[in-house]
Every structure is written in structure tokens, then in C-alpha cells.
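# Reading the structure
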Amino acid sequence: MTRSSRRLVSFVAAATVASTLAACGGGGGGGGGGGGDEENEASDVGITEDTIRIGAHYPLTGVAAPGYSEIPTGVQAYFDYVNANGGVNGREIEWIYRDDAYNPTNTSQVVNQLVLEDEVFAIMGGLGTPTHNAVTDFLNSEGVPDLFVSSGSRLWDDPEEKPYTFGWQPDYEIEGKIIGQYVAENFPDAKVGLFLQGDDFGEDGAAGAKQFLEDQIVAEETYVPGNTDVRPQISALQAAGADLVLGFNVPSYTALSQLTALQLGYQPQWFYSNVGSDPALVGSLLARFSEGAVSDASLLDGVLTTEYIPTVDTPDDPWIQLYQRVWDESGQEGELTNYRAYGMSMAYTMIQALQSAGQNPTRDDLVAAVEQAGADWEGPGFAPFRYSEDKHAGYSGMLVSRIVGQGSEDLTPVLVTDNGDAEIEEYDGEATTPPESGIPDEEPVN
Amino acid sequence: MQQFVNLTLGGVITGAVYAAFALALVLIWRSTRIVNFAQGAMAAITTFIALSLIESGQSYWVGLVVALLAGLVIGAVVERLVIRPVEGGPELNAVIVTLGLFIAIQALISVLFGVNQRAFVAPFSTIGFRVGDNSLALSPNTLFTLGAVLLVMVGLTALFRFTRVGLAMRASAFGQEVARLLGVRVGRMLTLGWALAAVVGSLAGMLIAAEVTFVTPTYMDALIVFGFVAAVLGGLDSPVGAVVGGLLLGLLLSYVRGYVGDELVGLAALVVLVVVLLVRPGGLFSTTQTRRA
């Protein structure tokens, strides 16, 4: 598309696409912020009259790649959808993501490349705690907005030291708190064992859970990612007599812990954090075992977990229906998975941020927009964001659910809380539905 | 008590897995005096070949036989095409070449088979035997693993000690010129050494894959280090030493994991290695200090 024709879209967005299904999308995306008032300018690095460049790092190869490598394809699908409907203020979003193989050394390298060579306007959704932690200093010293890190670590909520960095998903501590309270209320006599990844993920989750379960915990076992033998840890949990195990682990360790427990004849109630519980991915890892040595096809049946955005096992959810439509239109290979839905949910938030930042935003405008408007955005998340000038933490809550077959059933209403000893409360807001167009329409903050 | 028993059994199993890998290293060391860093990657590629067959509906045993044959061919080809040109030069050259080969083969696996984690189903049940109300960390499959490792150990010992081929291989490794003068076809022996080592490596890869459950092109990486430690513990020269070294290491690391913490496993292996090398520089099973030609 040429520059002039793109500007045309910006000026007469509604008229141009009125006859198409995506009319409202064009109006919302193209017209958001009164696109006709002034001309688009190249207002900062990575933003031109007709493009905005967004970058990210993901593990596309290596141990962390299964599942996670699908996230950027979901983001791609949603950005394509927005672009096809007029973009944001008439600008097309260019989405560049690079492979860091979940290795922090690589992350530094690819993020350098994204910032210095590709000259992205902002980073969005960089995945992983150890990986992303290697680049936050660089991004903040360069003044690059570092939005919506794909990790529940609390490291991203530090507005003093890292003013450009923002979390997105509920952090592991509040997840631990919500899980801990649920277990304390519903399994008051359980002997609780902890199965933890040996980093922030496990530590924060355990810290949250311990606020409610200090007296019930009988064993605490950690694993180092990469060590594939978890027999000693599972043996120790079994020996301690734990009859309910909380796992703050990644999906492949969900599969490993399930198989190992089966080998040892150990059958506690399992409760995996959101990160480790994707039934489709874990199921695909375990599927082959159902044909051979393992007789039970649905190992995860009855496992407890948490949710904070809609998942693909609820095809009637209006958000999932939107995502399905977007995914089908994008024509990429594969099915809509929870990882792709995650990517789309985040991409939706990103569009909200860009719209709120105004027609010709600078990098600092984008950060200010998230701080000022972020807490009011309505999107796919069950609970609101916690963004403010003093808080860069993402979603404030989630609900507890039980895995049934490939789907799940909700066990609690949405519970919201905050870090430290903040109370856990039921969220009193309504469940949201996406706008008709499937594209948000936020007013600029300035 | 149950925990101790299970940690011990678990340690024996992981130890057997380290031993399987160490045996391949010992074999290549004895027959060519090269430490082969590409061993892990060579084992991984044959395992992926077998896994593709198994996933397409063939039985485990077809996969195993194909993996062993593939190992034989790959070992011989690698020796002829890649190692032969640097043989006879400084020892370091050959070792560096195997490092390069390691990276190249791993990349090749990613290209051919993709990078995703894949499930590897063991040939026998992995559900532990039950004693009373307790399950043991010992299953039909772990017995298979142990048995296969012991069989290879016995076979290799017999090969080197009692057969003419074994003697010729040892002679070629120690002193090429002397061996040649005595009528040994040194070139063939070196090729045979590599091919046999690759077969043992392939078997190790298959056994290890069943134990680690999920495989990626890099699944051998974590085990390579421990396999080396096991081989060095045993003196790099002795099949029995490799197995004993592997078992000792497996037991120790299992106790460390169960009673201390997973994060200290690497450190514990290092401590063992340093202590053994300080006390017995040639490894636990060395018979002679230096025997080189």
C-alpha cells in the first residue's frame, strides 16, 4: 500500500470500509483518537507516518519452545487482523520477533539487534524471567518501552528503577496467594507438598501460598530446569506423606511429575499453577504414553489449576470466538491453541496501549498511556490490570478451576488481590465481551 | 526408609544410564585414543531415526535395530571422512574436530526432525514393582536398561581381552607403526573402533531416551557431562570401570537431589571428579599409570 493511499484510509476510514464486515474495526482502529485532526508524523524511533514497529524475543527453539513458540503466531494473527482493518491511527503494525532459545545470553544479543538494528518503537511480550531479566537494564537505559513481559515474576513491577518495564499476567505471588487460600479453605486437613522450579517462579509462588498454608506444608522440593530426573523430588514428597501437591513448574515438568508419580504409585491431589497446566500441551506430551505402558489416557483429569484469560476449551466464549475468527483469517498453519489465545489477548492490550498513547506518540507517551489508562482498559482478562504511576504489575486476579478432559470447570468466582498481605476479594465487575469489530477503541489520554 | 530405597534404586538407574554413555566413550578411547565429544549428538541422531520409525507405527525393537545399524554406518563414515584426515596429527586436532562435529550433528537433527520436545515411550512398563503398599522405583523397563548395560560391559570386556580383533584394536590404538609391522590393518581397526563405539552409543541413546521420557535434539547434553565424569572415574580404559563409575555417580547424585537439593548436583559431580583425580589420577580402575606409545 502506498503512503498516500494509507493516509486516505486514515482520513476516511469509516467510509472506505463501511461496507465490509470490519467496518467498525476500521473506524475504531483507524479513527481512534480523531485520526482526521492532524497528520501522522514519524514521532519517535520505530514509528513512521504509516508504520509502528514492535519487537519481541521468544524461545522458538530449545526446551522452552513447545507451546511458547506459538505465542508470537497468535500475536501475528491479531496484528494482521488490525492491519487489515486500518491499523492503529492508520499505521500498520510491523511485528518482529526473534529466537533466543530461552538463553539469556542470546536474549541480550537479539534485543540489541531489535533496538539498534531493527529500531523498534517498543518491545512487547518478551518471554521468560531469566531471559528478559537480562535486558531490562538495557531497555530502560535506552528508554525503550518494555511492555507486557510474558512472565509472572515480580521483577517487572519496579517503576522507580525500571520506569519503562511493565508486567502483564498475574504475578506468581498473587497466584500463590489465591491458590493458598483456596487450599486452606477447601482442603484444611491436607498435608501439602510443594514442587517448585528453582527460581523466582517457584519462590514467589511458594511465598504467596505460604501466607495461608504455613502450617499445612510438609515438604518443599525444587528442580533445576534441564535436569530431567525428578524421581528424587517426587520420592521425597511421597515420603513426607504429602497428599496435595502444589506445582509451580513449566508444562514439561507437569508431564514428567505425572509420569514419575505414576511410576512410584503416588497419587496425591495435584494443583498446578497456570503456567504448567495447559491441558492440550501436557496432553500431547503424555498422549503417546496412553497407548503403551500408561493405561490412563487422561492423566490430568481432576487436576486443579488457575485461569485469568479465556481458554480455547470454551468455544462459546465471545473472546475465543473472536480469536478463532482472527486465527482462521490469518491462514497460518495449525489450530488455535491457548498459547495463541494468550498472544492475541496480549496483542489486544497492546492495541489499547497504542490507541491511548495518541496519534503521534513518543516512547514516553506510550509508557504514560499505560500508567494513566491501563487500569481502566476492558479486555479479555477476567480481572483488571493494576497499572498506575506507582505500579507496573499486570492482571490483579484469576479464578481456580479443575481440569476435566480437555477442558475445565470453574470452582471459584474471579478473585482479585495484590502483592504482600492485601486481602483476596471477589471481583465484582462484569465479564467483558469484545467490541463488535474485534478491535478496541480507546481514547487518547492526552 | 522407602525414600532411601527409592533414591538408591533411582540412583542405580541413572547410574546405569551414565554408564551406558561412558561405555561408548571407553570403547572409542581404547580403540583410537580419542575422546569423542560428538558421541552424544551421534547417539541423539540415531535415537531420532528410531523415534520416527516408532512414531510411524513400527515396534520399538525395529527402531532399536535400525538405530544400532545407523550407528554402525554413521560411526564408520565419520571416522573415514572426518576423523581420518586429522588422525596422526596432534591429538588436540581430532578432539576439536569431534567438538565441531557435535555442533554440526545437533544442528542437523534440528533440521531433519524439528526442535519440539517429543515423547519417547519405553519398551517395557515403567510402573514400579509393588512391595506391600509401597511402590519401588524399579520397573520392568529399568531392569531392561540395567541388563542391557551389563551385557554391553561384559561383551566389551570379552572383546578386548579374549579376541584377536580386540587385541588388534588395542594394538592399533597404542602404537600404529608397531601394529602395522605386525600385520594389523590399522586403518580398518580404527574404522571398526569408531563404528562399534557408535553402536554402543546408539544403544545408550535409546536407553537414555526411555529414561528421560521427553527428547529434544539437545537431550543428551546434560548427560554428556555426567557420562564423561563416569568414564573418567572409571579410568577411561576399563568397561567395568565405566559401569562402576557410572553407578557410583548415579547413586551419589540421587542422594544429593533427594536429601540436599537439585541445584547442587553439578557441584557434587565436580567435587567427586576432583577428589578422585587427586587421589587416583588414572581413575578408580587404572592398572598402569602411563602406557602410551
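Each chain has its residues counted from 1, running along the sequence as written. Lettering for chains starts from A, numbering for ligands starts from 1, and both go in the order in which the items are written. Local features in a predicted model are, by the rule used here, given only for residues with pLDDT of at least 70; side-chain atom pairs are given and counted only at 80 or more, and totals for whole chains, interfaces and linings are based on all residues.

### What about the overall build of chain A?
Strands are runs of DSSP state E lasting at least 2 residues, helices are runs of H or I lasting at least 4, and numbering of each runs from the N terminus. On a plain count of helices and strands, chain A comes out with 16 helices and 14 strands. Burial is judged by counting the other C-beta atoms within 10 Å of a residue's own C-beta: 20 or more makes it buried, 12 or fewer makes it exposed, and any count in between marks it as partly exposed, with every C-beta position built from the backbone. Taken over 446 residues, chain A has a buried fraction of 61%. Distance between backbone-placed C-beta atoms decides contact: two residues are in contact if it is within 7 Å. When contacts within chain A are restricted to residue pairs at least 6 apart in sequence, long-range pairs at least 24 apart make up 71% of them.

### Looking at the nonpolar core
For the purposes of this analysis, a nonpolar core is taken to be any set of buried Ala, Val, Leu, Ile, Met, Phe, Trp, Tyr and Cys residues that are connected through C-beta atoms within 7 Å. With 234 residues, the main nonpolar core has Ala19(B), Ala20(B) and Leu23(B) as its most contacted residues. All domain edges in this entry derive from an automatic or database-based domain assignment. Shared between two domains, this core takes at least three residues from each, and those domains are domain 1 (3-169 + 313-382) and domain 2 (172-307) of chain A. Apart from residues no more than four positions distant in its own chain, Ala20(B) is found in contact with Val149(B), Leu203(B), Ala204(B), Leu207(B) and Ile208(B).

### Notes on the pairing of strand β8 (residues 244-248) of chain A
Residue and element names in this part refer to chain A. Within β8, five of the five residues are buried, which leaves the element mostly enclosed by the surrounding structure. Burial of β8 is two-sided: the residues Leu244, Leu246 and Phe248 facing one way and the residues Val245 and Gly247 facing the other way are all buried. Relative to β8, strand β6 (residues 192-197) runs parallel, the two being bridged by five bridges. Of the residues in β8, the one forming a bridge with valine 192 is leucine 244. When the strands point away from the viewer and the path from the first strand over the helix to the second turns clockwise, the crossover is right-handed. Each parallel crossover has a hand, and the one from β8 via helix α12 (residues 251-263) to strand β9 (residues 269-272) is right-handed. In this scheme, strands are said to pair when DSSP sees at least two bridges between them.

### Considering the UniProt feature "transmembrane region" (unreviewed entry) in chain B
Residue and element names in this part refer to chain B. UniProt positions are given in the numbering used here, feature names are shortened, and annotations may be inferred rather than shown by experiment. The sites that UniProt annotates as "transmembrane region" (unreviewed entry) are residues 6-27, 34-54, 60-82, 94-115, 143-162, 190-210, 222-252 and 264-283. In residues 94-115, the share of helix is 91% and the share of strand is 0%. The end C-alpha atoms are 29 Å apart. Split by type, residues 264-283 is 75% helix and 0% strand. Its first and last C-alpha atoms lie 23 Å apart.

### Observations regarding the interface of chain A and chain B
If you look at the interface, chain A gives 32 residues, while chain B gives 34 residues. Only α4 (65-68), β7 (217-223), α11 (231-239), α12 and α13 (279-291) of chain A provide two or more residues apiece to the side of chain A that touches chain B. Ten residue types, Ala, Val, Leu, Ile, Met, Phe, Trp, Tyr, Cys and Pro, are classed as nonpolar, four, Asp, Glu, Lys and Arg, as charged, and the remainder, Gly among them, as polar. Taken together, the residues that form the side of chain A that touches chain B break down as 16 nonpolar, 13 polar and three charged.

### Remarks on the confidence of the model for chain A
Residue and element names in this part refer to chain A. By definition, pLDDT measures how confident the predictor is in each residue, and it falls between 0 and 100. Summary statistics for chain A give a mean pLDDT of 85 and a share of 89% for residues scoring 70 or more. Confidence over residues 1-36 falls short of pLDDT 50; this stretch has 73 contacts with residues more than four positions distant or in other chains. Taken as a whole, residues 292-297 scores under 50 in pLDDT and shows nine contacts with residues more than four places along the chain or in a different chain.

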